[in-house]
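# Analysis of the macromolecular model
This is what each chain is made of:
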Amino acid sequence: MLKNSSSRYGVISVSLHWLMALAVFALFALGFWMVDLGYYSQWYRTAPYWHKSVGILLAIVLLLRICWRFISPPPKPIATHKPWETKLASLAHLLLYLGLIILVVSGYLISTEDGRAITVFDWFDVPAAGALFAKQADIAGLIHQYTAYGLITLAVLHGLAAIKHHILDKDHTLKRMFGFKL
């Protein structure tokens, strides 16, 4: 089943979800590690190159995922969920998408302030917008950093909520995000 049904997620939604989750946590770990690299480290140029390349690919997958949500809307909330849980889940999903968009845009603004394009694994280049405002890289850098911490925190809470539904509530919230037939 490629598309979502009223009760579960399809293969495309499940694949996009877990691909993005893996990329976000990997990018966070890489970003956290690379900010302390010294100029003479062999990773000083390599780590940012990988971070930017995967970040651009994440931006493409994010765009595909947003489009896919319109083509194949998510399943209806599980009937046993309380109204506040459903509203909180909707808000969390909105904030996750918003955080991802802010991360992608701020990362792009950091990387292209100097007018150089972003090379993505030597496959293609994303043109630079250049400096659009004063201290662009510094401001975008702070936004990128704080949004990354916020997004990771929200993603962990999102995962814990799914585990809570699986273990305590014994409902199908987590199972349907793995694409299991219910």
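Residues numbered from 1 in each chain as written. Predicted model: local features only at pLDDT ≥ 70, side-chain atom pairs only at ≥ 80, totals over all residues. Heavy atoms only, no water.

## Focus: helix H2 (residues 46–71)
Counted at 1.5 Å a residue, the expected span for H2 with its 26 residues is 38 Å, and the 37 Å between its end C-alpha atoms agrees. Along H2, the positions that sit buried rather than exposed are Ala47, His51, Ser53, Gly55, Ile56, Leu58, Val61, Leu62, Arg65 and Trp68. Contact partners of the buried residues in H2: helix H1 (11–34), helix H3 (83–112), strand S1 (118–120), strand S2 (124–126) and helix H4 (136–167). (Helix = DSSP H or I, 4+ residues; strand = E, 2+ residues; numbered from the N terminus. Expected span 1.5 Å × (residues − 1). Buried < 20%, exposed > 50% of the residue type's maximum accessible area, 1.4 Å probe, protein only. Contact = heavy atoms within 4.5 Å.)

## As for the side chain of Gln136
When you line up the elements, Gln136 lands in helix H4. Here the side chain of Gln136 touches Leu109 through a polar contact of 2.9 Å, landing on its backbone oxygen. In terms of polar contacts, Gln136 uses its side chain to reach the backbone amide nitrogen of Leu132, at 2.5 Å. Setting aside residues up to four positions removed in sequence, Gln136 forms contacts with Leu109, Thr112, Glu113, Gly130, Ala131 and Gly141. (Polar contact = N/O pair within 3.5 Å; in protein donor to acceptor, adjacent residues only side chain to side chain.)

## A few points about the packing of aromatic side chains
Counted by the stated rule, this structure contains nine aromatic pairs. Here Phe121 and Trp123 contribute two aromatic rings whose centre-to-centre distance is 5.2 Å and whose plane-to-plane angle is 50 degrees, an arrangement assigned as tilted. Looking at Phe121, the relative accessible area reads 17%, which means it is buried. Given a relative accessible area of 59%, Trp123 falls into the exposed group. (Phe/Tyr/Trp six-rings, centres within 6.5 Å; stacked < 30°, edge-to-face > 60°.)

## Here's the deal with H3
Taking 1.5 Å per residue as the helical rise, H3 with its 30 residues ought to reach 44 Å, and the 44 Å between its terminal C-alpha atoms agrees with that figure. Within the sequence span of H3, burial applies to Glu85, Ala92, Leu96, Tyr97, Gly99, Leu100, Leu103, Ser106, Gly107, Leu109, Ser111 and Thr112. The inward-facing, buried residues of H3 contact H1, H2, S1 and H4.

## Here's the deal with the pattern of salt bridges
Tallying each qualifying case throughout the model produces three salt bridges. Residues Lys164 and Glu85 are paired through a salt bridge, measuring 2.7 Å at the closest nitrogen-oxygen approach. With Lys164 in helix H4 and Glu85 in helix H3, the pair connects residues that are 79 residues apart, well separated along the chain. Residue class for Lys164 comes out partly exposed when judged on its relative accessible area of 27%. Between Arg116 and Asp114 there is a salt bridge, with its nearest N and O atoms 2.5 Å apart. The exposed category is assigned to Arg116, whose relative accessible area is 59%. Here Asp114 falls in the partly exposed class, since its relative accessible area comes to 46%. Each of Glu85, Lys164 and Asp169 takes part in one network of salt bridges that share partners. (Salt bridge = Lys/Arg side-chain N within 4 Å of Asp/Glu carboxyl O.)

## Describing the environment of Ala26
Tracing the sequence through the fold places Ala26 in helix H1. For Ala26, a relative accessible area of 42% gives the class partly exposed.

## Overview of the packing of H1 against H2
Here H1 crosses H2 at 155 degrees, and the two axes come no closer than 10 Å. Here H1 lies roughly antiparallel to H2, going by the angle between them. Judged by the twist between their axes, the crossing of H1 over H2 is left-handed. Here the residues of the contact of H1 with H2 are counted per class, giving 18 nonpolar, five polar and one charged. (Axes fitted to C-alpha atoms, helices over the stretch in contact; angles between N-to-C directions. Parallel < 35°, antiparallel > 145°, perpendicular 65-115°, else oblique. Left-handed = near helix turned anticlockwise from the far one by under 90°. Nonpolar A, V, L, I, M, F, W, Y, C, P; charged D, E, K, R; others polar.)

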